[in-house]
Amino acid sequence: MINFSPPLLTALQMSASAAGILGATLMALRIVPPRTAYGVWILSNLIFFPYCMATGQWGIFAMNAAFLAINVVGITRWKSAPAARSPAACIRNTILRFR
């Protein structure tokens, strides 16, 4: 187990939580490109790893490992997506679907 001081553990936990919330908010509001939101989520996952190892929170460690894999898949799929997936194209396709 890793030894961190209590203030550092608190800082790791809070910054990882804040990054996770920010990433989800950015993705939901679509105010930045998805790569930015995924990047913030990935940062959150990476910050949680040392915290979980230091505190023995292996369930949270496993959850963040799974989330990291999901986020890597998400950013990879986003990078390989055709340009037609722009917000304007999505709106146009949605409108055409209901005609």
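Chemist: Requested: an account of the overall build of the chain, with residues and values cited.
Modeler: Helix and strand content of the chain: four helices and zero strands. Ordered by position from the N terminus, the helices and strands of the chain form the series α-α-α-α. Scored against the burial criterion, the 99 residues of the chain give a buried share of 25%. Pairs at least 24 residues apart make up 53% of the contacts formed inside the chain by residues separated by at least 6 positions. A total accessible area of about 6,700 Å² is found for the chain, and carbon and sulfur atoms account for 70% of it.

Chemist: Break down helix α1 (residues 6–29) for me, with residues and values.
Modeler: The end-to-end C-alpha distance of α1 is 34 Å, a good match for the 34 Å that 24 residues give at a rise of 1.5 Å each. Three or more residues of α1 are buried, namely L9, L12, A16, A19, G20, G23 and L26. On its buried face, α1 is in contact with α2 (34–55). Remark: R30 follows α1 within two positions and exhibits a positive phi of approximately 55°.

Chemist: Pulling in residues and values, what's your account of the nonpolar core?
Modeler: By size, the foremost hydrophobic cluster in this structure holds eight residues: L9, L12, A16, I47, F48, Y51, C52 and A54. Those elements that place two or more of their residues in this core are α1 and α2. The element contributing the most residues to this core is α2, with five residues. L9 has contacts with F4, Y51, A54 and T55, leaving out every residue within four places of it along the chain.

Chemist: Account for a nonpolar patch on the surface, with residues named and values stated.
Modeler: On the surface, a cluster of nonpolar side chains totalling about 280 Å² of accessible area is made up of M63, F67 and I70. Here F67 lies in helix α3 (residues 58–80). On the accessibility criterion, F67 (40% relative accessible area) is partly exposed.

Chemist: Got a sec to walk through the confidence of the model for the chain? Specific residues and values, please.
Modeler: Within the chain, residue pLDDT values average 87, and 82% of them lie at 70 or more. Model confidence for the chain, summarised as mean pLDDT per element, is weakest for helix α4 (residues 87–97) at 68 and strongest for α1 at 95.

So, how was this worked out
Counting restarts for each chain: residues are numbered from 1 in the order of the written sequence. Local features in this predicted model are restricted to residues of pLDDT 70 or higher, and side-chain atom pairs are both shown and tallied only at a pLDDT of 80 or more, whereas totals for entire chains, interfaces and linings draw on every residue. Excluding hydrogens and water, the side-chain values take into account all heavy atoms of the structure. Counting from the N terminus, the helices are DSSP H or I runs at least four residues long and the strands are E runs at least two residues long. Buried means the residue's accessible area, taken with a 1.4 Å probe over protein chains only, is under 20% of the maximum for its type, while exposed means over 50%, and partly exposed covers the values in between. Contacts between residues were defined by any pair of non-hydrogen atoms, one from each residue, lying within 4.5 Å. Note that accessible areas follow from Shrake-Rupley with a 1.4 Å probe, and for residues the cover is restricted to the protein chains shown. One fewer than the residue count of a helix, multiplied by 1.5 Å, yields its expected span. Here, nonpolar core means buried Ala, Val, Leu, Ile, Met, Phe, Trp, Tyr and Cys residues that are tied together by side-chain atoms lying within 4.5 Å of each other. The residues that make up patches have over 30% relative accessible area and no salt bridge, and they are joined within 9 Å when like-charged or within 5 Å when they are Val, Leu, Ile, Met, Phe, Trp or Tyr. Salt bridges, as used here, are contacts in which a Lys or Arg side-chain nitrogen is within 4 Å of a carboxyl oxygen on Asp or Glu. For every residue, the pLDDT score states the predictor's confidence, bounded by 0 at the bottom and 100 at the top.

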